[in-house]
Amino acid sequence: MRRVLLHLGLHKTGTTAAQSFLYENRELIWPHFALLLPYKTRKLGLSGAATRHSIYGTVGTLSEFSSQTREYLATRNFGTKRGLIVSEENFSGLRPSRNIEQGYAAAPDLAACLVDAIRDRFEDQEVDITIYLSLRQRGAWLRSLWAHDLQRTREVQDFDIFRANMDHLPPLEETVSDIRKKLPSVTVTEEWLEETHLRRFGPGTPFAEFLNLPREKAQLLVPPTKSNSRLPESVLAELLTLNRSHLDEAELTRQKALVVERAKNAMVGTI
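Description of the structure in this document.

Calculation notes
Residues numbered from 1 in each chain as written. Predicted model: local features only at pLDDT ≥ 70, side-chain atom pairs only at ≥ 80, totals over all residues. Heavy atoms only, no water. Salt bridge = Lys/Arg side-chain N within 4 Å of Asp/Glu carboxyl O. Helix = DSSP H or I, 4+ residues; strand = E, 2+ residues; numbered from the N terminus. Buried < 20%, exposed > 50% of the residue type's maximum accessible area, 1.4 Å probe, protein only. Expected span 1.5 Å × (residues − 1). Contact = heavy atoms within 4.5 Å. Lys, Arg positive; Asp, Glu negative; His and termini not counted. Core = buried A, V, L, I, M, F, W, Y, C linked by side-chain atoms within 4.5 Å. Polar contact = N/O pair within 3.5 Å; in protein donor to acceptor, adjacent residues only side chain to side chain. Axes fitted to C-alpha atoms, helices over the stretch in contact; angles between N-to-C directions. Parallel < 35°, antiparallel > 145°, perpendicular 65-115°, else oblique. Left-handed = near helix turned anticlockwise from the far one by under 90°.

1. Examining the pattern of salt bridges
- Under the definition given, this model contains 17 salt bridges.
- Of the charged contacts, one joins Asp-109 and Lys-182 as a salt bridge, the two residues approaching to 3.0 Å between their closest N and O atoms. Placement of Asp-109 in helix α6 (residues 107–121) and of Lys-182 in helix α9 (residues 172–182) is noted, with a sequence separation of 73 residues between them.
- In this structure Asp-109 comes out as partly exposed when scored by relative accessible area, which is 32%.
- A residue is classified by how much of its surface remains accessible, and Lys-182, at 42% relative accessible area, is partly exposed.
- Among the ionic pairs, Arg-199 bridges to Glu-191, the shortest N-O distance being 3.1 Å.
- Of the residues examined, Arg-199 reaches a relative accessible area of 27% and is grouped as partly exposed.
- Each of Arg-95, Arg-98, Asp-149 and Glu-155 takes part in salt bridges that share partners, so that together they form one network.

2. Focus on helix α5 (residues 59–75)
- For α5, with 17 residues, the first-to-last C-alpha span of 25 Å sits near the 24 Å given by 1.5 Å per residue.
- As for α5, its buried residues are in contact with β2 (33–36), α3 (38–43), α4 (46–56), β3 (83–87) and α6.

3. Here's the deal with the side chain of Lys-256
- For Lys-256, the position within the fold is in helix α14 (residues 249–269).
- Despite its burial, Lys-256 remains without a salt bridge, the nearest opposite charge being carried by Glu-249 at 6.8 Å.
- Filtering out sequence-adjacent residues up to four positions away, Lys-256 remains in contact with Leu-150, Gln-151, Arg-152, Thr-153, Leu-239, Leu-242 and Asn-243.

4. Observations concerning unusual backbone geometry
- Geometrically, the link from Gly-9 to Leu-10 is a cis peptide bond, its omega value of 20° lying close to zero.
- With respect to the helices and strands, Leu-10 occurs in the loop between β1 (2–7) and α1 (15–24).
- Located in the positive-phi region is Lys-12, a residue other than glycine, with phi close to 60°.
- Structurally, Lys-12 can be placed in the loop between β1 and α1.
- Using a relative accessible area of 15% as the deciding quantity, one classes Lys-12 as buried.
- Within the chain, Asn-212 stands out as a residue other than glycine whose phi angle is a positive 50°.
- Positionally, Asn-212 belongs in the loop between α11 (205–211) and α12 (215–218).
- A relative accessible area of 62% places Asn-212 in the exposed class.

5. Observations regarding the nonpolar core
- Within the largest apolar cluster, 58 residues are counted, with the highest numbers of intra-cluster contacts made by Leu-6, Ile-118 and Ile-131.
- For this core, the leading source of residues is α6, giving nine residues.
- When residues no more than four places from it in sequence are discounted, the contact partners of Leu-6 are Val-86, Leu-114, Val-115, Ile-118, Ile-129, Thr-130, Ile-131 and Tyr-132.
- Counting 18 residues, the second largest nonpolar core, distinct from the first, contains Leu-5, Ala-18, Leu-28 and Leu-221.

6. Considering the side chain of Arg-2
- Within the secondary structure, Arg-2 sits in strand β1.
- One buried charged residue, Arg-2, remains without a salt bridge, the closest side chain of opposite sign being Glu-126 at 11 Å.
- In this structure the side chain of Arg-2 is engaged in a polar contact, spanning 3.2 Å, whose partner is the backbone oxygen of Phe-78.
- Within the structure, the side chain of Arg-2 is placed 2.7 Å from the backbone oxygen of Arg-82, a separation counted as a polar contact.

7. Some thoughts on the packing of α6 against α9
- One can describe the packing of α6 onto α9 by two numbers: an axis separation of 9 Å at closest approach and a directional angle of 45°. In terms of orientation, α6 and α9 fall into the oblique class. The hand of the α6/α9 crossing is right-handed. Touching Ala-107, Pro-108, Asp-109, Ala-111 and Ala-112 of α6 are Thr-175, Asp-178, Ile-179 and Lys-182, all from α9.

8. With respect to α6
- Under the 1.5 Å per step criterion, the end-to-end length of α6 is 21 Å for 15 residues, consistent within 8% with the ideal 21 Å.
- Buried within α6 we find Ala-107, Pro-108, Leu-110, Ala-111, Ala-112, Cys-113, Leu-114, Val-115, Ala-117 and Ile-118.
- Where the residues of α6 are buried, they touch β1, α4, α5, β3, β4 (127–135) and α9.

9. Some thoughts on the environment of Gln-125
- In this structure, Gln-125 sits in the loop between α6 and β4.
- Note: C-alpha distance between Gln-125 and Arg-2 (123 residues apart in sequence) is 7.9 Å.

10. Points about the environment of Ala-112
- Within the secondary structure layout, Ala-112 lies in helix α6.
- Taking the C-alpha atoms as reference points, Ala-112 and Lys-226, separated by 114 residues in sequence, lie 30 Å from one another.
- Once you skip the residues sitting within four places of it in the chain, Ala-112 turns out to touch Lys-182 and Leu-183.

Given below as structure tokens:
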């Protein structure tokens, strides 16, 4: 039986660390599972197709995501036994802070489209598909989204206004429930970021468990080395001030990069 794990986000729930775990252990994983990670999904346009559908929600945008996914799967040689592990948060849609009206409303349809493409790729074969979503407590999740947007966009709202504008979005658990209802024949699981941090491989732990490698190989797995560190409040305030300034985009980007680099160097120095 081929085994497939689809990690479909959600944004700002430890996905960077999860993908770091998969990449850093790729030599152990590849004989058993093909990997599809953001470097590839974004280079090939799969991620962009998924986020476009989350914005526009048309038959055409969903068809585009389906056709691109099927084309990609057709090019991969899975041999007779290899499974597949996918980790791409944008496969649940554009991050909600940039798509406030829709949030993760498109996630169930995107998941169903992905599952259909995989089943067709392995037609007449027995395939066990698991969808995994990582979650985070709402307050910390919203704070992380805001901090991300401060760094990557010209976000000018303070956190209280940002949070109020996001209040209408349903809890992340509801997205999991909606996907489960859409795909009753697929196993849908979730883990809380706060809990995975307490386990051996952090956000990589659910993947280590799914791999089910022989003991001698499992002992060689290494924890993720990359994650998005939380920036101090003083740094976030500095980024907000820069975003509210009259700097042109190029200079704004340069100054924010310097602020973030200085902060990260300071955090490393205190460890």
